[in-house]
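Residue-level structure breakdown
As a plain string of letters, each chain reads:
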Amino acid sequence: MAVIAERAIATDVPREASFNYLVVRYWLTALAAFFVAAVIGLVLRWNQASGFLSLAWHYRLQTFHGAYMAWFAIASVAGFVWLLIRKQFEIVVPRARMELVYWLLLAGAGLFGFGVLIGGFAPGFPILPPLPLNPAGAWAAWAVNVSLSGMVLIVVATIAYLLEWLVAAHRAAGGLGQALGLSVFLPRGANPGGRTVPPYVLAVTAMALIGMYALPVGAYLVANILLKNNFPAVPLDPLFAKNMLWAFAHTLVNILYWGTFGIVYLLIPVITDREWKLYRLLVILWLVTIVTTGMTAMGHHLQLDPVPFSIVVIGQVGSYLSIMSWAAVSIYGAVERIWKSGITWEPKVSFLYFGMFMVLVGMAGAYLDAGPGFNTILHNTLWVPAHFHSYMMLGMALFIFACMYHYVPLLTRKTDDSTALPRVHFWMTAIGGVGLVGSFYLAGLLGTPRRMAAYPLDALPALAGLVTQASVPFALVLALAQAIPLFYLTRMLVRRA
Amino acid sequence: MRRGGGFALAAVIALAAPAMAQNQGAGADAAVTRGRMLFEEKCTTCHTLGSGDFLGPDLAGVADRRPREWLLRFIVEPDRVLAEGDPVALELLKKYSDLEMPNLKVTLEEAEAALAYIATGGAAAGAAAAPSVPPASAPGAPAAVEPLGPQWRMSTQVYIGLLFLAAVILTAAAFLVVYKGSQPRAEYEKFERVFDTIQRYWTASLVIATLLFTVALLPLVPFPPVRAATEETQVVKVEALQFGWNMEPRTVKVGTPVEFRVTGRDVNHSFGLVDPHGVLLFQVQAMPRYVKEAVYTFDEPGTYHVLCMEYCGLAHHVMRTTVQVVR
Ligand code: HEM
Ligand SMILES: [Cu+2]
């Protein structure tokens, strides 16, 4: 087993340039998707304020935005996983397999996008069955086939890279139990050499493990819709399908999240020069998260459904427990290490720090949304995009940016002495992002439904209209800023060493 | 098979239309009234009568523009007419390219009535000439509701907002303190102990707060297993469909519990009820094949808006109706 010191993991990179460039290629592709999807996000908000798009295009773009943002996370985390397998475990995954995953992801995104933009497939993302099959004439059956086939490819590619991680972790760490940090429970002396894995191995292993449950569920659901699309006799129960969908989609974003917490666990010790080891409370809370995560979505997705009250309560508690570890150990541990660390506030540190703050904000939003009784007035309002944009746009994505700003110079052995651009990127993202997300929260409280091309303003408080309009400049700043990392890192790449 | 069905309907219409045309007179007034109700319920989401094009064409004068048989069939099964490549339908679709007119499961009789009403130009029945809801896509549509009415002071939304704000401010304060305290560097060992203790308390308080929060809110779950419906309970059956609401009755009384029995016909929708002050009161999922009950007791008369809260296709945002609450 080859668990090298964290410092070296974070600062040394493999010497094989072609491998390094492959990782960078994953990330730059992801950034390109992010930029496009961000501009589309801007267009959506603008259209909600002033109505210039046709309905068909609004909902196509909305579907495209959600899917491509999810794709951004999947592809970024893939690059991170390849890097860790090589650095942490010193295991060389055959190049062909890493290329295959890349091209599968790309083909999947292409097919999905084709079905959406050309075929008019616009059920929103995530997709709530049976809408894809009953579009009231908005799209043709072939578009469903094309887009969902694309989704299958993406799911398969994701399963593939998570499996690579599990196999590598099993081999190198001496079993998945070790990789999940269970050795902290062994009595002293029973763990020869006293070796435990670093926390980011636990985070990424947890992601891969739960992925083996969530992704097959997703593949099954998508396959079921595909089958029914072509053979209408195939059964599909709406309540069951709805819960499968959330079990898949909600879990998928959650575990991608854990993967990006891996970035926090990896970078914070290096940046602050303070070790971060496993200890019992950390492992226990992670285990709780792992066990309950399948229920995350249940708490707040069951309350409005025709299911027994007891199931609602169980889902409720499970859903709360499943995010406990985020605040209690992951973010707490990082913030604790920053205290009196003498840290230099470089852009990547700002991204991590602000990202963690916004994760907690998103958690507060999620707790309230899932609150019994509160859910019936917050569900399906803009409060929901508010909480997940806090998590993802201003949390997960910022961790990913930090990772890229940290590693790309190392991987390409090129630097850019000026951090002015990343700094501008940070401030534009933070200010634009808070403005946009703030407008989502407020509009949600005012009862503004999510996923609407135009709002029923005559039924809502007048403030709802103002909030929408006021958010457009913020969305503009936010979206334009996302050209910066793409430009900055590409320029770094093509520059002569 | 589909095609055959289409021709079958066309034949029925061809045979029946002259007979029905003759029948004008005695039953005509009743038909116009029925037609108006149907039109307001199912057509005003997309059409106006004389107030201009919306998602679909302005239907004023349509009875003069097109043959009656064609209109009847188009209203009853627009999807098939289009599927058969009918040139008029194709041309209309090109013009109103956002949307195909959905099959609203209107019976031939209902279509007759709707057409009778449309033929009056809406004038006969008065009020219904303009759509009951202003086109939502018109930018700056007039807000019928005060910025934040008195109702807002009391609503759950305000408590949620305050709780959220408190959480955000506390978190921001903590992050600012740590930001300020990040300099200068000191040995970690000095405060490692303290940090461990803080972490234990922080974790414990999170767990406790979660449990308290859940327990405190459980009574708020607004739809406890529906108590045996008393004689008093007013039952409203709601069916959501792309893109409209079937609801019976549409008028309820204040003071006695109303049980909404909500279901869907085609895809997932959600029944969201907004009070006259613009406060979203609650929503429930309208799911095909399942019925979900929601009990609510109104204490204020007025016009309550029903919004669809679950994206259900391109005309989702116009899928609206109202409930009248009277004393
Ligand atoms: C970077 C700038 C971004 C902007 C300007 C933006 C804006 C928007 C807007 C306006 C909506 C529509 C909300 C509604 O009406 O329901 C939306 C939906 C959504 N966004 Fe973003 N967003 C951004 C970033 C992200 C990120 C980073 C993610 C995830 C990684 C993301 C995931 C989604 C998803 C899943 C939806 C739901 C789509 C649907 O309901 O069909 N967004 N976004
Ligand atoms: Cu809808």
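Okay, so let's go over this structure. Please read these numbers as outputs of a predicted model, since none were measured by experiment. The numbering scheme is per chain: residues are counted from 1 as the chain's sequence reads. Whichever chain is written first becomes A and whichever ligand is written first becomes 1, with later ones labelled in order. With the structure being a predicted model, the display of local features is reserved for residues of pLDDT at least 70 and the display and counting of side-chain atom pairs for 80 or more, all residues being used for whole-chain, interface and lining totals. As a rule here, side-chain values cover all heavy atoms of the structure and leave hydrogens and water aside.

Side note on the overall build of chain A
The secondary structure listing takes helices from DSSP runs of H or I that are at least 4 residues long and strands from runs of E that are at least 2 residues long, numbered from the N terminus. Of regular secondary structure, chain A possesses 18 helices and 0 strands. Relative to the 2.2 N^0.38 estimate, which gives 23 Å for 497 residues, the radius of gyration of chain A is 22 Å and therefore close to what a compact globule would have. The contacts in chain A between residues at least 6 apart in sequence include a share of 84% that link residues at least 24 apart. Here the Shrake-Rupley method, with its probe set to 1.4 Å, supplies the accessible areas, and only the displayed protein chains count as covering residues. Accessible surface, chain A: about 15,200 Å² in total, of which carbon and sulfur atoms supply 71%. Each radius of gyration is computed over the set of C-alpha atoms, and the globule rule expresses the reference value as 2.2 Å times the number of residues to the power 0.38. Pairs of residues are marked as contacts when any of their non-hydrogen atoms sit within 4.5 Å.

Remarks on the overall build of chain B
If you tally the helices and strands in chain B, you get 10 helices and 9 strands. Buried positions account for 46% of the 327 residues belonging to chain B. Relative to all contacts within chain B whose residues are 6 or more apart in sequence, the contacts with residues 24 or more apart total 66%. Summing over all exposed atoms, chain B offers an accessible surface of approximately 16,100 Å²; the carbon and sulfur share of this is 62%. Relative accessibility decides the category of a residue: with a 1.4 Å probe and only protein chains considered, values under 20% of the type maximum give buried, values over 50% give exposed, and everything between is partly exposed.

Quick notes on unusual backbone geometry
In this model, A:Pro129 is joined to A:Pro130 through a cis peptide bond whose omega is 0°. For A:Pro130, the position within the fold is in the loop between α4 (95-117) and α5 (141-173). Note the cis peptide between B:Gln242 and B:Phe243, where omega equals 0°. Within the secondary structure, B:Phe243 is located in the loop between β1 (234-241) and β2 (244-248).

Considerations on the coordination of the copper ion (ligand 2)
The copper ion (ligand 2) binds to the protein through B:Cys308 (SG), B:Glu310 (O), B:Cys312 (SG) and B:His316 (ND1); the donor distances cover 2.1 to 2.5 Å. In this analysis a donor is any N, O or S atom within 2.8 Å of a metal ion (3.2 Å for sodium, potassium and calcium), and since water is not included, sites may seem incomplete. In this scheme the shape depends on donor count and angles: four donors with every angle between 85 and 135 degrees give tetrahedral, four or six donors with opposite pairs above 155 degrees and others between 65 and 115 give square planar or octahedral in turn, and any other case is irregular. Classification of the site at the copper ion (ligand 2) rests on its 4 donor atoms, whose angles at the metal span 87 to 131°, yielding the label tetrahedral.

Some points on the interface of chain B and chain A
Each partner contributes to the interface: chain B provides 89 residues, whereas chain A provides 92 residues. A 1.4 Å probe defines the accessible area here, and the buried area is the portion of it lost by two parts on being joined, summed over both. Between chain B and chain A the total buried area reaches about 8,200 Å² when both faces are included, carbon and sulfur atoms providing 69% of it. Between Lys or Arg on one side and Asp or Glu on the other, a salt bridge is scored when a side-chain nitrogen of the former is within 4 Å of a carboxyl oxygen of the latter. Run the count over chain B and chain A and you get 2 salt bridges. Any pair of N or O atoms that falls within 3.5 Å is considered a polar contact. Within protein, one atom must be able to donate a hydrogen and the other to accept it, and sequence-neighbouring residues count only if both atoms are side-chain atoms. Our count for the contact surface shared by chain B and chain A stands at 30 residue pairs in polar contact (both at pLDDT 80 or more). Three classes are used, and their members are as follows: Ala, Val, Leu, Ile, Met, Phe, Trp, Tyr, Cys and Pro are nonpolar, Asp, Glu, Lys and Arg are charged, and the others, Gly among them, are polar. Its residues placed into classes, the side of chain B that touches chain A shows 57 nonpolar, 22 polar and 10 charged.

Re the pairing of strand β4 (residues 258-264) of chain B
Sheet faces and side chains relate simply in a regular strand, where the side chains alternate between the two faces. All names here are of chain B. Buried residues dominate β4, accounting for 6 of its 7 residues. Bridging between β1 and β4 involves 7 bridges; their strand directions are parallel. Residue pairing for β4: Glu 239 is matched across the bridge by Thr 263. By this definition, two strands are paired if DSSP reports at least two bridges between them. Looking at chain direction, β4 and strand β7 (residues 292-296) are connected through 5 bridges and run antiparallel. The residue of β7 that forms the bridge with Phe 260 is Ala 294.

What to know about the coordination of the iron atom of ligand 1
All names here are of chain A. His 65 (NE2) and His 389 (NE2) make up the full set of protein donors to the iron atom of ligand 1, lying at 2.0 Å. Coordination geometry of the iron atom of ligand 1: the 6 donor atoms subtend angles of 86 to 180° at the metal centre, consistent with an arrangement described as octahedral. Here His 65 is found in helix α3 (residues 55-89), whereas its partner His 389 is found in helix α15 (residues 383-412), with 324 residues between them in sequence. As far as the burial class goes, His 65 and His 389 line up, both buried.

Some remarks on the sheet that holds strand β5 (residues 269-274) of chain B
Residues and elements named next belong to chain B. Taking strand neighbours across the sheet as the criterion, the 5 strands line up as β3-β9-β8-β5-β6 in an open arrangement whose pairing is mixed. Strand pairing shows two members of the sheet lacking a second neighbour, β3 (251-253) and β6 (280-286), which therefore form its edges. Within this sheet the neighbouring strands show an average axis-to-axis angle of 25°, counted without direction. Relative to β6, β5 is paired through 6 bridges, and the arrangement is antiparallel. By the bridge assignment, Val 274 is partnered in β6 with Leu 280. The axes are straight lines fitted to the C-alpha atoms, using for helices just the contacting stretch, and the angles between their N-to-C directions are given from 0 to 180°.

Looking at the environment of A:Arg491
All names here are of chain A. Position of Arg 491 relative to the elements: it lies in helix α18 (residues 483-494). Here the alpha-carbon distance between Arg 491 and Gln 178, two residues 313 residues apart in the chain, equals 41 Å. Setting aside chain neighbours within four positions, we find Arg 491 in contact with Asp 416 and Leu 421.

Comments concerning the side chain of B:Asn268
The residue B:Asn268 is located in the loop between β4 and β5 in this model. Given a relative accessible area of 3%, B:Asn268 falls into the buried group. Residues in contact with B:Asn268, not counting those within four places in the same chain, are A:Leu128, A:Pro129, A:Pro130, A:Lys242, B:Gln285, B:Ala286, B:Met287, B:Pro288, B:Glu310, B:Tyr311 and B:Cys312.

Quick notes on the side chain of A:Thr429
Looking at the secondary structure, you find A:Thr429 in helix α16 (residues 420-445). Once residues within four sequence positions are removed from consideration, A:Thr429 is found in contact with A:Leu394, A:Leu398, A:Val434, A:Leu478, A:Ala481 and A:Gln482.

Points about the sheet that holds β1(B)
Residues and elements named next belong to chain B. As summarised here, the arrangement of the 4 strands in space is β2-β1-β4-β7, forming an open sheet in which the pairing is mixed. Edge positions in the sheet fall to β2 and β7, since each has one partner strand and no second. Within the sheet, the average angular offset between the axes of one strand and its neighbour, ignoring direction, is 25°.

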